[in-house]
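# Chains, contacts and geometry: an overview
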Amino acid sequence: MKVVILLGAPGSGKGTVASRLAEQDSSLRHVSSGDLLRDAVKRQTPAGVEAEGYMKRGELVPDAIIAQMIGDLMAGITGECTLLLDGFPRTVAQAEILDGTISKCGAELKGAILLDVSDDIIVERIAGRRGCPKCGAGYHVTGLPPKVAGICDKCGTALVIRKDDNPETVQNRLAVYKAQTLPLIDFYRGRGQLSCIKGGIDPLEVIVAKAKQALA
Ligand code: ADP
Ligand code: ZN
């Protein structure tokens, strides 16, 4: 198993790029920490119950909760594939735990890809973000609209706005990103494992193509 980390602020497009990449190459597997956590909250598992309040406030859930979920998932994977980790690690402590998990599984860290997007674009992105509560597909009202407004292209379900995509929580998530996740950029750069993609202006296809190059 190989591991690629996607780094970037909330709304930088990590999830969209990762799901496009995985659609185009069956050896890639998209793992979103936010989706794992939202699913645990929905099912009200012990981890989900503990995580819920943090997520509502736009804070990070404790490292141990998410690291355990990712560790369990990685331990259950057999056969060759490349994991695209979207949203994990988000702190240096999580990155260190991930190093341990990778060596325990006999996996290999291929590197980290940073989607670098400016703050004003981030705020606009998150304000227009819509998601499918059934299949998880992501949209944007102007940047990546569904064929029929408000309806998922893939499964016909009515799209929703995520609970934590309100303006106050978004500001908090950006502050948390800067304080706790930005240090990861130097962490991976220092090891020569960082590729950087300007994520703001180019169309999605161009960004996906650049990410593919970084994976090669
Ligand atoms: P975004 O990248 O748009 O903020 P995510 O879906 O990745 O959204 O994350 C949503 C929320 O889930 C975060 O605000 C945080 O509360 C929690 N979360 C996700 N990944 C992690 C992580 N690696 N560590 C701690 N909390 C996390
Ligand atoms: Zn759907």
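Check the entry above for the structure.
Residues numbered from 1 in each chain as written. Chains lettered and ligands numbered in written order. Predicted model: local features only at pLDDT ≥ 70, side-chain atom pairs only at ≥ 80, totals over all residues. Heavy atoms only, no water.

### Focus on the site of ligand 1
In the region of ligand 1, 20 residues are neighbours, and Ser 33, Glu 59, Gly 87, Gln 94 and Arg 173 sit closest. Take Arg 129: an N or O atom from its side chain is 2.9 Å from an oxygen atom of ligand 1. One of the side-chain N or O atoms of Arg 173 is found 2.8 Å from an oxygen atom in ligand 1. Contact with the protein chains hides 97% of the accessible area of ligand 1, taken as 540 Å² for the molecule alone. The greatest single-element share of the shell around ligand 1, amounting to four residues, is contributed by helix α2 (residues 33–43). Per-class residue counts for the shell around ligand 1 are seven nonpolar, five polar and eight charged. (Near = heavy atom within 4 Å. Polar contact = N/O pair within 3.5 Å; in protein donor to acceptor, adjacent residues only side chain to side chain. Areas by Shrake-Rupley, 256 points an atom, 1.4 Å probe, with all protein chains shown as cover. Helix = DSSP H or I, 4+ residues; strand = E, 2+ residues; numbered from the N terminus. Nonpolar A, V, L, I, M, F, W, Y, C, P; charged D, E, K, R; others polar.)

### A closer look at the pattern of salt bridges
Per the stated rule, a full pass over the model turns up 15 salt bridges. Across the pair Glu 205 and Arg 20 runs a salt bridge, and its minimum N-O distance is 3.5 Å. One end of the pair, Glu 205, is in helix α9 (residues 204–215); the other, Arg 20, is in helix α1 (residues 14–24), with 185 residues separating them in the sequence. With its nearest N and O atoms 3.0 Å apart, the salt bridge here joins Arg 173 to Asp 165. A relative accessible area of 8% places Asp 165 in the buried class. (Salt bridge = Lys/Arg side-chain N within 4 Å of Asp/Glu carboxyl O. Buried < 20%, exposed > 50% of the residue type's maximum accessible area, 1.4 Å probe, protein only.)

### Brief notes about the coordination of the zinc ion (ligand 2)
Coordination of the zinc ion (ligand 2) by the protein comes from Cys 132 (SG), Cys 135 (SG), Cys 152 (SG) and Cys 155 (SG), over a distance range of 2.3 Å. Here the zinc ion (ligand 2) is ringed by four donor atoms whose angles at the metal span 99 to 120°, and the overall shape comes out tetrahedral. Linear spacing of the donor residues for the zinc ion (ligand 2) on their chain is C-x2-C-x16-C-x2-C. Residue Cys 152 is classed as buried on the basis of its relative accessible area, which comes to 3%. (Donors = N, O, S within 2.8 Å, 3.2 Å for Na, K, Ca; no water. Tetrahedral: all angles 85-135°; square planar, octahedral: opposite > 155°, others 65-115°.)

### Quick word on the sheet that holds strand β3 (residues 82–86)
Taken in spatial order, the five strands line up as β2-β3-β1-β4-β7 in an open sheet, and their pairing is parallel. Taken across any chain shown, the strands that pair with only one partner, and hence form the sheet edges, are β2 (28–32) and β7 (194–198). Averaged over all neighbouring strand pairs, the angle between strand axes comes to 25°, with direction disregarded. Inspection of the sheet shows strand β1 (residues 2–7) paired to strand β4 (residues 108–116) by six bridges, in the parallel sense. For Leu 6, the partnering residue across the bridge sits in β4 and is Ile 113. Each of β1, β2, β3 and β4 touches α1; the most contacted strand, β2, lies at about 155° to it. (Pairing = 2+ DSSP bridges. Axes fitted to C-alpha atoms, helices over the stretch in contact; angles between N-to-C directions. Contact = heavy atoms within 4.5 Å.)

### Let's talk about the nonpolar core
Here is a general trend for soluble globular proteins: nonpolar side chains tend to be buried in one another's company. In terms of nonpolar packing, the biggest core is built from 42 residues, with Leu 7, Leu 83 and Tyr 188 touching the most fellow members. In terms of residue count, the dominant contributor to this core is helix α4 (residues 63–75) (seven residues). Ignoring sequence-local partners within four residues, the contact set of Leu 7 consists of Lys 14, Pro 89, Ala 112, Ile 113, Leu 114, Leu 115, Leu 184, Ile 185, Tyr 188 and Leu 194. Counting 15 residues, the second-largest nonpolar core is a separate cluster that includes Val 17, Leu 115, Ile 207 and Ala 211. (Core = buried A, V, L, I, M, F, W, Y, C linked by side-chain atoms within 4.5 Å.)

### Topic: helix α5 (residues 92–104)
When the terminal C-alpha atoms of α5 are compared, their 19 Å separation across 13 residues agrees well with the 18 Å that a helix rising 1.5 Å per residue should span. Among the residues making up α5, those that are buried are Gln 94, Ala 95, Leu 98, Thr 101 and Ile 102. What you see down the axis of α5 is that its buried residues fit within an arc of 115°, all on one side. In this structure, α5 carries Ser 103 and Lys 104 as exposed residues pointing more than 90 degrees from its buried face. (Expected span 1.5 Å × (residues − 1). Arc of directions from axis to C-beta.)

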